[in-house]
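An overview of the molecular structure
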Amino acid sequence: MIDDTGERIIPEQMKITNELLIEHLARYHFSVPHVYGRVLDLATGVGYGAHVIAKKCKKQIEEIIGVDIDPEVIKYAQGQYYHPLSSYQVEDVTDTKLPEKLGQFDVILSFETIEHIENEVQFMENIFKMLKPGGTLILSTPFGEGKGIPCGSPFHVHQMTENEFMQMFEKFKTKVFYCQNGALIEPVNTAQMVHHPLGIVIAQK
């Protein structure tokens with residue numbers, strides 16, 4: 001971003017000392033070995049994650065599309081994170097016409113999105129429709145008190161429990177669950193961390 005004097009402004013959330021940024025970037029780097037073909041990044045935000053995938057997976061992907069409901073962040077992504085394999089669009093992830101608009105994908109990424117969404121059933125239906133047979137979903141969310149229970153964040157509808165999270169992917173053929181704390185991501189079954197603040201799933205349709 002540029003201010004009125006022509007100086008570049010680095011948004012607070014983009015500073016390398018921001019722990020949430022480090023945590024979020026860790027999920028994209030974690031996804032790199034699983035990404036191929038046509039890729040969709042749901043709630044891409046300012047686009048740095050989609051850019052990581054475009055740069056690191058340029059030989060494995062056909063394209064990556066980042067979508068977000070906020071026109072301002074999409075404008076920023078288009079200006080700041082251009083790559084020949086990436087594009088950014090303003091879309092609502094719960095739009096029933098989204099599968100028709102975007103088509104199908106080999107891989108869908110959805111990091112820290114579902115906790116913001118009231119209509120999570122439609123969100124998951126859209127994801128399933130947009131995944132090709134055999135396609136891969138990589139999705140993360142913070143854990144909390146459970147569905148229907150208000151949580152500490154005014155921006156979250158709720159934060160599901162670990163068990164609720166694991167039960168969301170029954171339609172998928174295979175699923176492997178991971179937990180995250182900061183930049184550390186471990187398989188749930190062998191995790192050394194005591195506290196699991198965030199969950200990640202790799203699920204195959």
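Residues numbered from 1 in each chain as written. Predicted model: local features only at pLDDT ≥ 70, side-chain atom pairs only at ≥ 80, totals over all residues. Heavy atoms only, no water.

Here we look at the overall build of the chain
The test is simple: Helix and strand assignments come from DSSP, with helices taken as H or I runs of at least 4 residues and strands as E runs of at least 2, each series counted from the N terminus. The reference for a compact globule is 2.2 Å times residues^0.38; the radius of gyration itself is calculated from the C-alpha atoms. Buried, partly exposed and exposed residues are distinguished by accessible area as a fraction of the type maximum, computed with a 1.4 Å probe on protein chains only: under 20%, between the cut-offs, and over 50%, respectively. To measure how exposed things are, a 1.4 Å probe is used in the Shrake-Rupley method; for residues, cover is taken only from the protein chains shown. Positive charge is attributed to Lys and Arg, negative charge to Asp and Glu, and no charge count is given to His or to the chain ends. Every charge is mapped to an atom, namely NZ of Lys, CZ of Arg, CG of Asp or CD of Glu.
From N to C terminus, the chain includes six helices and eight strands. When the helices and strands of the chain are read in sequence order from the N terminus, they spell out α-β-α-β-α-β-α-β-α-β-α-β-β-β. The C-alpha atoms of the chain give 17 Å as radius of gyration, which agrees with the globular expectation for 205 residues (17 Å, within 12%). Dimensions of the chain along its principal axes, counting C-alpha atoms only, are 50 × 35 × 30 Å. A total of 205 residues make up the chain; the buried ones form 52% of that total. In the form shown here, the chain has an accessible surface area of approximately 10,600 Å², with 54% of it arising from carbon and sulfur atoms. Of the charged side chains in the chain, 18 are positive and 27 negative; the average position of the first set lies 10 Å away from that of the second.

A closer look at the confidence of the model for the chain
We apply this condition: For every residue, the predictor states its confidence as a pLDDT score lying anywhere from 0 to 100. Here, residues are in contact when the closest pair of their heavy atoms is within 4.5 Å.
Model confidence for the chain is summarised by a mean pLDDT of 89, while 91% of its residues fall at 70 or above. Segment residues 1–10 is flagged for pLDDT under 50; beyond a separation of four residues in sequence, or across chains, it makes 11 contacts in the model.

Description of the sheet that holds strand β1 (residues 37–42)
Note on sheets: strands pair through backbone hydrogen bonds, and any given pair is parallel or antiparallel. For the record, the criterion: Strands qualify as paired when DSSP identifies two bridges or more between them. Here an axis means a line fitted to C-alpha atoms, over the contact stretch when the element is a helix, while the angle between two N-to-C directions is reported on a 0 to 180 degree scale.
Pairing within the open sheet is mixed, and its eight strands lie in the order β3-β2-β1-β4-β5-β8-β6-β7. Here the strands that pair on one side only, and so sit at the sheet edges, are β3 (86–90) and β7 (184–187). Neighbouring strand axes in the sheet, compared pairwise and without regard to direction, differ in orientation by 20° on average. In this structure, strand β5 (residues 131–142) lies alongside strand β8 (residues 198–204), joined through seven bridges in antiparallel fashion. Paired with Thr 136 across the strands is Gln 204, a residue of β8. Here helix α2 (residues 48–56) sits on the sheet and contacts β1, β2 (61–68), β3 and β4 (105–111); the angle it forms with β2, its principal contact strand, is near 180°. Those strands touched by helix α3 (residues 71–80) are β2 and β3, and its axis lies near 165° from that of β3.

A closer look at unusual backbone geometry
A negative phi holds for most residues other than glycine; trans holds for most peptide bonds. In this structure, Ala 43 takes a positive phi of about 55° despite not being glycine. The topology assignment puts Ala 43 in the loop between β1 and α2. Phi angles above zero are rare outside glycine, and Glu 112 is one such case at about 55°. You can see Glu 112 is positioned in the loop between β4 and α5 (120–130). With relative accessibility at 17%, the residue Glu 112 sits in the buried group.

Observations concerning the packing of helix α1 (residues 19–31) against α2
Relative placement of two packed helices is described by the angle separating their axes and the distance separating the axes. Keep this limit in mind: Each helix crossing is assigned a hand: it is left-handed if the near helix lies turned anticlockwise from the far helix by less than a right angle, otherwise right-handed if that turn is clockwise. Residues are grouped as follows: Ala, Val, Leu, Ile, Met, Phe, Trp, Tyr, Cys and Pro are nonpolar; Asp, Glu, Lys and Arg are charged; all remaining types, including Gly, are polar.
Interhelical geometry of α1 versus α2 gives an angle of 35° and a closest axis separation of 9 Å. For the pair α1 and α2, the sense of crossing is right-handed. Of the residues in α2, those in contact with Leu 21, His 24, Leu 25, Tyr 28 and His 29 of α1 are Tyr 48, Gly 49, Ala 50, Val 52, Ile 53 and Lys 56. Each residue belonging to the contact of α1 with α2 can be placed in one class, and the counts come to seven nonpolar, three polar and one charged.

Describing the environment of Phe 111
Looking at where Phe 111 falls in the secondary structure, it is placed in strand β4. Taking the C-alpha atoms as reference, Phe 111 lies 13 Å from Val 93; in sequence the two are 18 residues apart.

Looking at α2
Burial analysis of α2 places seven of its nine residues in the buried class, which makes it a mostly covered element. Those residues of α2 lying buried are Tyr 48, Gly 49, Ala 50, His 51, Val 52, Ile 53 and Ala 54. For α2, the secondary structure elements touched by its buried residues are α1, β1, β2, β3 and β4.

Things to note about the pattern of salt bridges
For the record, the criterion: For salt bridges, the criterion is a side-chain nitrogen of Lys or Arg within 4 Å of an Asp or Glu carboxyl oxygen.
Here the structure, examined in full by the defined rule, presents six salt bridges. The shortest N-O distance in the salt bridge between Glu 120 and Lys 147 comes to 2.8 Å. Within this pair, whereas Glu 120 is found in helix α5, its partner Lys 147 is found in the loop between β5 and α6 (162–166), the two being separated by 27 residues in sequence. Take Glu 120: its relative accessible area is 11%, and that puts it in the buried class. For Lys 147, a relative accessible area of 34% translates into the label partly exposed. One salt-bridge network, held together by shared partners, links Glu 91, Asp 95 and Lys 101.

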